[in-house]
Amino acid sequence: MDILIVEDELEIAKLIQLTLEREGFTCYVCHDGLSALQTFSTQQPDVIILDLMLPGLDGLEVCARIRQKPGIKDPYILMLTARGEEIDRVIGLSTGADDYLVKPFSPTELVARVRALLRRSLRHGGQSLIYRTPHFIVDVDRHSANRQLDSGTSEPLDLTTLEFNLLATFISQPNRVWSRTQLIDKLWGDDFFGDERVVDTHVARLRKKIEPDPANPIFVKTVIGVGYKFEDR
Ligand code: CA
């Protein structure tokens, strides 16, 4: 397991490196955002420990750029923040970080967090169940769905469990056409008794929450005579 540490305070960077190397992880260390992006591309670490306040590109910017890189496996990102307002920024903005840790932290706590992140990735055979499209991020583990904004940040979508499962199903296979029966199997399984049109009701509710104009949907499209499909270009 490879870990990239991005921290401009040299002593903290060293402490993190020693702590994690003692646990058997391979570490790469960068002290600014630009070199972090380069090292990320060449080494493709499993986890990134990313300080929020960095010279030049800050942690939020680095995080956003990493999440936008196509074709590279998505790393787990643990954001480091100082106390105070920074924490609100990290939580409030839904930065794309998977977890955060407030300074000062103990080495034990750091190791525990990293292990927790890796456990999550191992549970899915190394694949984290996070789906990203240009406008949405759906994290199945965390049961969270976010809308990506043009500013590079994102905002949480307030979905019911059923709406969430519907969106996750759609986004797991963009452009696939789903019949109502297939969606019922996926969402209710054998517990379903009733009318297929219940799917339409839930699709309408989901559209109200994710479509700019629910009457003219651009994401969840009706396929006449068949069912629905999800697109996000
Ligand atoms: Ca810093």
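It is not clear to me how the coordination of the calcium ion should be interpreted in this structure. Could you clarify?
Each donor-metal-donor angle would ideally measure 109.5 degrees in four-coordinate tetrahedral geometry, or 90 or 180 degrees in six-coordinate octahedral geometry. Taken together, D8 (OD), D51 (OD) and M53 (O) make up the full set of protein donors to the calcium ion, lying 2.1 to 2.3 Å away. Ordering the donors of the calcium ion by residue number gives the pattern D-x42-D-x1-M. One end of the pair, D8, is in the loop between β1 (2-6) and α1 (10-22); the other, D51, is in strand β3 (residues 47-51), with 43 residues separating them in the sequence. The class of D51 is buried, set by a relative accessible area of 3%.

Is there a simple way to think about the sheet that holds strand β4 (residues 76-81) in this case?
Strands in a sheet are paired, the pairing made by backbone hydrogen bonds, and the direction either parallel or antiparallel. Judged by pairing direction, the sheet is parallel, and its five strands sit side by side in the order β2-β1-β3-β4-β5 without closing on themselves. The open sheet terminates on both sides in strands that have one partner only, identified here as β2 (26-30) and β5 (99-102). Between one strand axis and the next, the sheet turns through 20° on average, direction left out of account. Set on the sheet, helix α3 (residues 59-68) makes contact with β3 and β4; between it and β4 the angle comes to about 175°.

I keep staring at α1 and nothing clicks. Help me out?
An α-helical segment advances 3.6 residues per turn. Residues three or four places apart therefore align on the same side. Over its 13 residues, α1 runs 18 Å from end to end, which matches the ideal 18 Å to within 8%, given 1.5 Å per residue. When we look at burial in α1, the residues that qualify are A13, I16, Q17, T19 and L20. What you see down the axis of α1 is that its buried residues fit within an arc of 165°, all on one side. Among the exposed residues of α1, those oriented more than 90 degrees off its buried face are L10, E11 and R22.

Hey, could you run me through the environment of Q68 in this one?
Mapped onto the fold, Q68 is located in helix α3. Overall, the relative accessible area of 56% leaves Q68 in the exposed class. Along the backbone, Q68 and R132 are 64 residues apart, and their C-alpha atoms lie at a distance of 9.2 Å.

What is the right way to read the nonpolar core from this model?
Soluble globular proteins tend to bury their nonpolar side chains together. Ranked by internal contacts, the top residues of the largest apolar core, which has 23 residues, are L167, F170, L206, I210, V220 and F230. Taken together, the elements giving at least two residues each to this core come down to β7 (136-139), α6 (161-172), α7 (180-187), α8 (198-210) and β12 (227-230). In terms of residue count, the dominant contributor to this core is α6 (six residues). In contact with L167, other than residues within four places in its own chain, are V138, A145, L157, L159, L206, I210 and F230.

Explanation requested: the pairing of strand β11 (residues 220-223) in the structure shown.
The two faces of the sheet receive side chains in turn, since in a regular strand these alternate between them. The sheet contact formed by β11 and β12 spans four bridges and is antiparallel. Bridge pairing in β12 links V220 to F230.

Just to check I follow, could you spell out the environment of L78 for this structure?
Secondary-structure assignment places L78 in strand β4. For L78, a relative accessible area of 0% corresponds to the buried category. As for L78 and I5, which are separated by 73 residues in sequence, their C-alpha atoms are 9.7 Å apart. If we ignore the near neighbours within four places in the chain, the residues touching L78 are I48, I49, L50, D99, Y100, L101, L110, R113, V114 and L117.

Got a minute to help me understand the pattern of salt bridges in this structure?
A side chain with one charge may pair with a side chain of the opposite charge, provided their charged atoms come close. The tally for this structure, following the rule as stated, stands at twelve salt bridges. Notably, a salt bridge pairs E7 with K103, separated by 3.0 Å at the nearest N-O pair. Here K103 lies in the loop between β5 and α5 (107-123) and E7 lies in the loop between β1 and α1, a separation of 96 residues in the sequence. For E7, a relative accessible area of 0% corresponds to the buried category. The shortest N-O distance in the salt bridge between E109 and R113 comes to 3.8 Å. Here the residue E109 and the residue R113 both occupy positions in helix α5, the gap between them amounting to four residues, near one helical turn. Exposure remark for R113: the relative accessible area of 25% places this residue in the partly exposed category.

Criteria and cut-off values
- Residues numbered from 1 in each chain as written.
- Predicted model: local features only at pLDDT ≥ 70, side-chain atom pairs only at ≥ 80, totals over all residues.
- Heavy atoms only, no water.
- Donors = N, O, S within 2.8 Å, 3.2 Å for Na, K, Ca; no water.
- Helix = DSSP H or I, 4+ residues; strand = E, 2+ residues; numbered from the N terminus.
- Buried < 20%, exposed > 50% of the residue type's maximum accessible area, 1.4 Å probe, protein only.
- Pairing = 2+ DSSP bridges.
- Axes fitted to C-alpha atoms, helices over the stretch in contact; angles between N-to-C directions.
- Contact = heavy atoms within 4.5 Å.
- Expected span 1.5 Å × (residues − 1).
- Arc of directions from axis to C-beta.
- Core = buried A, V, L, I, M, F, W, Y, C linked by side-chain atoms within 4.5 Å.
- Salt bridge = Lys/Arg side-chain N within 4 Å of Asp/Glu carboxyl O.

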